[in-house]
Amino acid sequence: KVKRQFLPLQSSRVCQETASEKSKKKWVKRHSDQLKLLLDGITPKGNDSDVKSKIVAKFASEYGLFVLNKDELLLSIETVAAMRDEIRGGTNTMCRIKSFLEKQSPVIRGVIFPPCLKAKLGNLDASDNEPHSSCLHACIVSSTDDTKTQLRNHTCVTFPCHVLEKMHELAVLQDAVQKSEDFMSFPNMLAYSWNCDKSSTDMPTTMKL
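Everything numeric here is computed off the predicted structure, so don't read it as measured data.

Draft legend 1. Examining the pattern of salt bridges more closely. Applying the stated criterion across every chain yields a total of six salt bridges. Among the salt bridges present, the one from K98 reaches E102, with a minimum N-O distance of 3.3 Å. Here K98 and its partner E102 are both found in helix 5 (residues 91-104), four residues apart, which amounts to about one turn of the helix. We classify K98 as buried; its relative accessible area is 16%. Judged by its relative accessible area of 7%, E102 is buried. Three or more residues joined by partner-sharing salt bridges are found here, namely R84, D85 and D125.

Draft legend 2. Up close: helix 4 (residues 77-86). Along helix 4, the positions that sit buried rather than exposed are I77, V80, A81 and R84. One side of helix 4 carries all its buried residues, which in axial view fall inside an arc of 100°. Those residues of helix 4 that are buried are in contact with helix 5 and helix 6 (117-127).

Draft legend 3. Seen up close, the nonpolar core. Counting seven residues, the largest nonpolar core consists of I77, V80, A81, M94, F113, L117 and L121. For this core, the elements supplying multiple residues, two or more each, are helix 4 and helix 6. With residues near it in sequence (within four places) discarded, L121 still touches I77, V80, A81, R84, T91 and M94.

Draft legend 4. Highlighting the packing of aromatic side chains. If you walk through the whole model with that rule in mind, you get one aromatic pair. Centroid distance F59 to Y63: 5.4 Å. Interplanar angle 55°. Geometry classified as tilted.

Draft legend 5. A look at unusual backbone geometry. For C116, which is not a glycine, the phi torsion comes out positive at approximately 55°. Considering the arrangement of structural elements, one finds C116 in the loop between helix 5 and helix 6. What makes C116 exposed here is its relative accessible area of 58%.

Draft legend 6. Inspection of the packing of helix 5 against helix 6 at higher detail. The interhelical angle for the contact between helix 5 and helix 6, taken along N-to-C directions, is 150°, at an axis separation of 10 Å. For the element pair helix 5 / helix 6, the angle class is roughly antiparallel. The interaxial crossing formed by helix 5 with helix 6 has right-handed handedness. Mapping the contact onto sequence places T91, N92, M94, C95 and K98 in helix 5 and L117, K118, L121 and D125 in helix 6. Residues of the contact of helix 5 with helix 6, tallied by class, amount to four nonpolar, two polar and three charged.

Parameters and conventions
Residues numbered from 1 in each chain as written. Predicted model: local features only at pLDDT ≥ 70, side-chain atom pairs only at ≥ 80, totals over all residues. Heavy atoms only, no water. Salt bridge = Lys/Arg side-chain N within 4 Å of Asp/Glu carboxyl O. Helix = DSSP H or I, 4+ residues; strand = E, 2+ residues; numbered from the N terminus. Buried < 20%, exposed > 50% of the residue type's maximum accessible area, 1.4 Å probe, protein only. Arc of directions from axis to C-beta. Contact = heavy atoms within 4.5 Å. Core = buried A, V, L, I, M, F, W, Y, C linked by side-chain atoms within 4.5 Å. Phe/Tyr/Trp six-rings, centres within 6.5 Å; stacked < 30°, edge-to-face > 60°. Axes fitted to C-alpha atoms, helices over the stretch in contact; angles between N-to-C directions. Parallel < 35°, antiparallel > 145°, perpendicular 65-115°, else oblique. Left-handed = near helix turned anticlockwise from the far one by under 90°. Nonpolar A, V, L, I, M, F, W, Y, C, P; charged D, E, K, R; others polar.

Given below as structure tokens:
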């Protein structure tokens, strides 16, 4: 014989509309705990999460509600970064989109966009930095009295070709590539320009596709 197990449900009065918010929360929690015990008792062991989610989704659909798995809905930080590049925006743009959506619908806060979005995007961008090296190099620095040699910090990337590849991929993604035959006599060519700008303390070198 199979021993039957019964779950006694506590009878309670109906939650009055005039009740305080604290009383309503207690009433909802007490009944949700009873439903949780009932759900734990009727689901088989081993695949509890899958069966429970299907039961809850079916039950919610009877009341016009829609149930989603939070882990499946939450965007990864890599997806947010890809979206940022696709719309040709920046980190502040994604933060403004997140703030606007969560202000219009507070229920989605922390559900679609991950929290601490700006810091996580910054960490993701920093993790993709190219390896570089720094050293003190003797450069010719002009002064008001005479030209003299001083040791200055010199920083450069270890593999410049990787930077060129990323620049080319980003330019193609943003549709910012111009045909080479429009400004030069070489068709189907990739042209890169270098620029050095000397200031009072630094001499930055930039590269453009």
